[in-house]
Amino acid sequence: MDFTAQPKPATALCGVVSADGKIAYPPGVKEITDKITTDEMIKRLKMVVKTFMDMDQDSEDEKQQYLPLALHLASEFFLRNPNKDVRLLVACCLADIFRIYAPEAPYTSHDKLKDIFLFITRQLKGLEDTKSPQFNRYFYLLENLAWVKSYNICFELEDCNEIFIQLFRTLFSVINNSHNKKVQMHMLDLMSSIIMEGDGVTQELLDSILINLIPAHKNLNKQSFDLAKVLLKRTVQTIEACIANFFNQVLVLGRSSVSDLSEHVFDLIQELFAIDPHLLLSVMPQLEFKLKSNDGEERLAVVRLLAKLFGSKDSDLATQNRPLWQCFLGRFNDIHVPVRLESVKFASHCLMNHPDLAKDLTEYLKVRSHDPEEAIRHDVIVTIITAAKRDLALVNDQLLGFVRERTLDKRWRVRKEAMMGLAQLYKKYCLHGEAGKEAAEKVSWIKDKLLHIYYQNSIDDKLLVEKIFAQYLVPHNLETEERMKCLYYLYASLDPNAVKALNEMWKCQNMLRSHVRELLDLHKQPTANCSAMFGKLMTIAKNLPDPGKAQDFVKKFNQVLGDDEKLRSQLELLISPTCSCKQADVCVREIARKLANPKQPTNPFLEMVKFLLERIAPVHIDSEAISALVKLMNKSIEGTADDEEEGVSPDTAIRSGLELLKVLSFTHPTSFHSAETYESLLQCLRMEDDKVAEAAIQIFRNTGHKIETDLPQIRSTLIPILHQKAKRGTPHQAKQAVHCIHAIFTNKEVQLAQIFEPLSRSLNADVPEQLITPLVSLGHISMLAPDQFASPMKSVVANFIVKDLLMNDRSTGEKNGKLWSPDEEVSPEVLAKVQAIKLLVRWLLGMKNNQSKSANSTLRLLSAMLVSEGDLTEQKRIRTYIGTIYLINIECLRQIFAQKLHKALVKLLLPLEYMAIFALCAKDPVKERRAHARQCLLKNISIRREYIKQNPMATEKLLSLLPEYVVPYMIHLLAHDPDFTRSQDVDQLRDIKECLWFMLEVLMTKNENNSHAFMKKMAENIKLTKDAQSPDESKMNEKLYTVCDVALCVINSKSALCNADSPKDPVLPMKFFTQPEKPKPAGVLGAVNKPLSATGRKPYVRSTGAETGSNINVNSELNPSTGNRSRQFFSPLVFVTITHYLVHLLFFT
């Protein structure tokens, strides 16, 4: 601030003069008073400045001569002169005077010294403008002050702090990017001398330095920040104690009033640590104290600060201060969610900047990966993936394992982040190979894990896997050759479960394409079939995210299709078998463009349609892609491929390539139709690898429908090979060869006859090892062409299969003590007999629509084999194939039976009564198998309930679909359990209760439409009937009623809602129960599903003995003591039982 001097008498301006009353001026300089003009004053002052500049400390005479002048220049007239040039020249003179007269200043008054230094400090503001004509004089002033350390004189003043504060503020305010290094150096010299040579730094003076570190000031003037940073570095030894005192006052004592910067302490600590950690040697223990504060927000602020300190790139704080580091790690388990969240976020920077700390972080991240808060689990994944994308070496296998676990998280957001993160890592390190083979090997498991997720029930998971496959595993935007190479080697390196998942993905996409195709076909019909169209729309909606909302969008899309013929044609082209990948991309973009609404930035309808289009669009496979795949396989066969470099052996590449082509032949058969492709497949047929040849035959079977007409040369080459495989190939090759001939040739009768006749004549039971392939071929021929070979097949069955092969044992076999043996350890005779039994069943399947006495006699034969005893080492294998698998106490047989039962039930290929067999699983001693059976049961029940909801026509089939109707079958089955002999036996009743609860627990999970009361009513009604199989046997009926009582007890104890009234009686199956003694009007379930009620229905009377065929105890063995009882029990319904087991269980594969 400039102070304008008030006019004073001339004599007052003279100040202190010499003894004679005069001031001595340099030669040529006249007296300087207020009488002269400003310009003249400036001229004379310049000469004075020049004189003082040339003087040194040794000039004693001159010093004495010009002392009055020095005192005169410190008068108020000059210190408050309104002209800045005058003030500048006076300041330069004063600076030189301090230099000349050092170490003793000519001014003895403390007040005068204070005025002089405040005056000089104000003049330093002129340093701001480097383009000013006077800048050099300002620089001279600064240089002189810094060199002489003139301000050190002020230490003697009581209020020197005011001068220093003003000086520091001035220097920090004027520094800018136009200053050179010399200016900054002199400023630093000036300020550092004050700090290091003084008795201490006051809080106000410290604030004048620290304020420049605050982010707001730092952003305004970076040069002042740099100046403060260098100053602190230079004075660290002196100023550290002052800084420690400041933070102690604020952090520990809570005295925020000591400084205006108290609210910025954490920002200051961060900046000071970055400048020099030694500045905070005494402060860090205070932070440890703050980490344990009871205030969550305070802990959060400290955690944020320390996260930056520990995570900064050049920080060694974690190693230098282990107690603080351990205390900080403890905040990962803080009770306050934001604190845990901030700790997790810090881990990413720490992993990237300090990989040596990964070991310390791993255990804490493991705990947080299971945090109850979704956001924290999500950020754990982001932390690990971010570090891994920077450099895979930064994360260990354990950290990647945490991400792997979270792919199964209960929250979709977390699962999605984990899956997408892993997909990005796979693309970066495996697909692009950015970090070499070692890194690629480290994350090679990702592809399998991602595909395994396709097994999850959530449609969101499935859609994300499909998206990941199309964008990261096999990017669809690659050129065809590169894309197919990626797919070829990916398929070869997948584990079996991942291969199944990928196959299932293609199958689901193909099925959805079929649904859309059928929907378009409905649009082409002259009259709209609303019911069929609604059902198809519901099916399509189930394949999209959030099926509830998707239904509305699919209906809207269907309306648009009905109104827009061009859109329909685009969609038809998209799902056409001949659509190429490039065409598919164009169609998707065109359809999306037509449905887009520019006025609606977020369009949920369009997003849902895009989901549908992405699922049905053939973005990977077309004719060109299949051709590229075949060429790759040919290179593997020729040995010119990069198989070894890709990490797979040539044999594995060939076999996997053919398996891949086989799968694609189901989903994209039209794309295979080219001579080049079929020539390559013929080459595979000639290879020695049995599985390769088998896959090639199956591809011909799936895709060769037009070979006969379009490619006669391929046909003529293929026929003899198929004949040879049917006669002398492996059993699997023989099966596929017969089916291939039947599928693709018009003269199949002639072709099959040419195989049948020589094989039937060459059958020889004395050479069983040569029987297996002929029996397989004959069995499949008899199934595919039963009418053509009815008579000769009857002769083969009667004269050879039964009399010569099954009824005669040519070898005794060797007992090995095993419950189950693989094919390699079983004698050829037993393997031949197993194939003979399969042939019988295939023959029966061929005759399923014919009334034949041969079928009855064959069933009697199988019945006899069911109840006959045999050598356990050999005949167990035969039992497996005739339907008593689950009843024998052999672990592998139970597992096989349970899987086949589930597979047929889940596809609705078996009637509901077969589900009752799952109740027996409660007796299985192995916990894992019980759990697996329960999952199968849950799946079956949910599928049936969903089917009823989605299909309005299902109301007519409630008796065979509604899961609750399994209860009477289950009760009847348990009543006939051979282990249940006494109705009063507590242990037996306990077993019955466990079996009932195993089924009822799943059924009673929800009380949908009063289903608990409905099941209770069924059990009560059964007590009014008799066992239809033994109506006059009191003991059997007593057991039936006892099981009902146990069921009622279980239902009553597990549900308080079962006592509600059931408005209508359920219908009981007449095959198992007689009519009630007190007739009641027959009706269908009305309380279970209100929209599905239908009065006046006849009872369901399906002819079946499934339950009674399963009455042998799971834990009982077929030994002589129980054999008679088993035969007596099986006799009434054995034919029905065998029919169901053979037809519905074993051959729905």
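Every value quoted in this text rests on a predicted model; they were computed, and no experiment measured them. (Residues numbered from 1 in each chain as written. Predicted model: local features only at pLDDT ≥ 70, side-chain atom pairs only at ≥ 80, totals over all residues. Heavy atoms only, no water.)

Asks: Describe the overall build of the protein chain, listing the residues and the values that go with them.
Replies: Counting its regular elements, the protein chain contains 55 helices and 0 strands. Each of the 1149 residues in the protein chain was classed as buried or not, and the buried ones make up 53%. In the protein chain, once contacts between residues fewer than 6 apart in sequence are set aside, the share between residues at least 24 apart is 72%. When the accessible area of the protein chain is evaluated, it comes to approximately 52,000 Å², of which 50% is carbon and sulfur surface. (Helix = DSSP H or I, 4+ residues; strand = E, 2+ residues; numbered from the N terminus. Buried < 20%, exposed > 50% of the residue type's maximum accessible area, 1.4 Å probe, protein only. Contact = heavy atoms within 4.5 Å. Areas by Shrake-Rupley, 256 points an atom, 1.4 Å probe, with all protein chains shown as cover.)

Asks: For helix H15 (residues 284-291), give the residues involved together with the corresponding values.
Replies: All of the buried residues in H15 are Met284, Gln286, Leu287, Lys290 and Leu291. Down the axis, H15 shows its buried residues gathered within 150° of arc, on one side only. Those residues of H15 that are buried lie in contact with helix H13 (236-252), helix H14 (265-275), helix H16 (296-311), helix H17 (317-320) and helix H18 (322-329). (Arc of directions from axis to C-beta.)

Asks: Let's hear about the nonpolar core: which residues, and what values?
Replies: Counting residues in hydrophobic clusters, the biggest one holds 263 residues, and the most contacted among them are Leu94, Tyr151 and Phe247. Sort the elements by how many residues they give to this core and helix H5 (residues 84-101) lands first, with 13 residues. Setting aside residues up to four positions removed in sequence, Tyr151 forms contacts with Phe117, Ile120, Thr121, Leu124, Leu145, Ile163, Phe164, Leu167, Leu190 and Ile194. The next biggest cluster of nonpolar side chains, apart from the first, holds 60 residues, and it includes Ala916, Phe998, Met1018 and Phe1072. (Core = buried A, V, L, I, M, F, W, Y, C linked by side-chain atoms within 4.5 Å.)

Asks: Explain the packing of helix H10 (residues 203-210) against H13 residue by residue, including any values.
Replies: Where H10 contacts H13, the two axes come as close as 11 Å, and the packing angle between them is 95°. Between H10 and H13, the interaxial angle falls into the category roughly perpendicular. In this structure, H10 contributes Gln203, Leu206, Ile209 and Leu210 to the contact, and H13 contributes Ile239, Cys242, Ile243 and Phe246. (Axes fitted to C-alpha atoms, helices over the stretch in contact; angles between N-to-C directions. Parallel < 35°, antiparallel > 145°, perpendicular 65-115°, else oblique.)

Asks: Please set out helix H31 (residues 565-574) residue by residue, giving values where relevant.
Replies: The set of residues buried in H31 consists of Leu567, Arg568, Gln570, Leu571 and Leu574. Within H31, the buried residues cover an arc of 160° as seen down the axis, which keeps them to one side. Within H31, the exposed residues directed more than 90 degrees away from the buried face are Glu565 and Lys566. Of the surrounding elements, those touching the buried residues of H31 are helix H28 (496-524), helix H30 (547-563), helix H32 (581-595) and helix H33 (604-616). N-cap assignment for H31: the residue whose side-chain oxygen lies 3.1 Å from the backbone N of Lys566 is Asp564. (Polar contact = N/O pair within 3.5 Å; in protein donor to acceptor, adjacent residues only side chain to side chain.)

Asks: Outline the pattern of salt bridges, listing residues and values.
Replies: The full count for this structure, using the stated rule, is 42 salt bridges. Close ionic contact of Glu342 with Arg304 constitutes a salt bridge, the shortest N to O distance being 3.4 Å. Here the residue Glu342 occupies a position in helix H19 (residues 337-353), and Arg304 occupies one in helix H16, the gap between them amounting to 38 residues. Classification of Arg304 as partly exposed rests on a relative accessible area of 42%. Taking the shortest distance from any N to any O, the salt bridge between Arg368 and Asp371 comes out at 2.6 Å. (Salt bridge = Lys/Arg side-chain N within 4 Å of Asp/Glu carboxyl O.)

Asks: Before we move on, can you summarise a nonpolar patch on the surface with the specific residues and values?
Replies: Residues Val252, Leu253 and Phe289 make up a contiguous nonpolar surface patch of roughly 270 Å² in combined accessible area. Within the secondary structure, Leu253 is located in the loop between H13 and H14. (Patch = residues over 30% accessible without salt bridge, like charges linked within 9 Å, V, L, I, M, F, W, Y side chains within 5 Å.)

Asks: So what's going on with unusual backbone geometry? Which residues, and what values?
Replies: Phi is mostly negative for residues that are not glycine, and the peptide bonds are mostly trans. Non-glycine residue Lys149 carries a positive phi angle of around 60°. Along the chain, Lys149 turns up in the loop between helix H7 (135-148) and helix H8 (160-174). One non-glycine residue with positive phi stands out, namely Leu908, at about 60°. Within the secondary structure layout, Leu908 lies in the loop between helix H47 (891-906) and helix H48 (927-950).

Asks: Which residues make up the side chain of Arg368, and what values do they have?
Replies: Assignment of secondary structure puts Arg368 in helix H20 (residues 358-368). For Arg368, a relative accessible area of 7% puts it in the buried group. Here Asp371 takes part through its side chain, which lies 2.6 Å from a polar atom of the side chain of Arg368. Each residue touching Arg368, except ones within four places of it in the same chain, is listed here: Phe332, Asn333, Arg340, Val344, Ile376, Arg377 and Val380.

Asks: Describe the packing of aromatic side chains, listing the residues and the values that go with them.
Replies: Counted by the stated rule, this structure contains 18 aromatic pairs. Judged by centre distance (6.2 Å) and plane angle (70°), the ring pair of Trp325 and Phe346 falls under edge-to-face. Of this pair, Trp325 sits in helix H18 while Phe346 sits in helix H19, and the two are 21 residues apart along the sequence. The exposure class of Trp325 is buried, given its relative accessible area of 0%. (Phe/Tyr/Trp six-rings, centres within 6.5 Å; stacked < 30°, edge-to-face > 60°.)

Asks: Can you explain the packing of H14 against H16? Please cite residues and give values.
Replies: Across the interface, H14 lies against H16 with an axial gap of 10 Å and an inter-helix angle of 10°. Accordingly, the angle class assigned to the pair H14 and H16 is roughly parallel. Here H14 runs over H16; the crossing is right-handed. For the pair H14 and H16, the contacting residues are Phe266, Ile269, Gln270 and Phe273 in the first and Ala301, Val302, Leu305, Lys308 and Leu309 in the second. Across the contact of H14 with H16, the residue classes tally to 7 nonpolar, 1 polar and 1 charged. (Left-handed = near helix turned anticlockwise from the far one by under 90°. Nonpolar A, V, L, I, M, F, W, Y, C, P; charged D, E, K, R; others polar.)

Asks: Please set out the confidence of the model for the protein chain residue by residue, giving values where relevant.
Replies: Mean pLDDT over the protein chain works out to 80, with 86% of the residues at or above the 70 mark. Averaged pLDDT values for the elements of the protein chain fall to 31 in helix H54 (residues 1120-1130) and rise to 95 in helix H25 (residues 446-452). Here residues 1-21 is modelled with pLDDT under 50, and outside its nearest four sequence neighbours on either side it reaches 33 contacts, counting other chains as well. Note on residues 869-889: pLDDT is under 50 here. Beyond four places in sequence and across chains, it has 77 contacts. (pLDDT = per-residue confidence, 0-100.)

Asks: Help me get a handle on a negative patch on the surface, residues and values and all.
Replies: Taken together, the side chains of Asp56, Asp58, Asp61 and Glu62 present a region of like negative charge at the surface. As for its position among the elements, Asp61 is in helix H2 (residues 60-65). (Lys, Arg positive; Asp, Glu negative; His and termini not counted. Charge placed at Lys NZ, Arg CZ, Asp CG, Glu CD.)

Asks: Got a sec to walk through the environment of Lys939? Specific residues and values, please.
Replies: Of note, Lys939 is situated in helix H48. With a relative accessible area of 37%, Lys939 lands in the partly exposed category. A C-alpha to C-alpha distance of 9.6 Å links Lys939 and Leu905, two positions 34 residues apart in sequence. Excluding its chain neighbours within four sequence positions, the residues that come into contact with Lys939 are Asn457, His902 and Val906.

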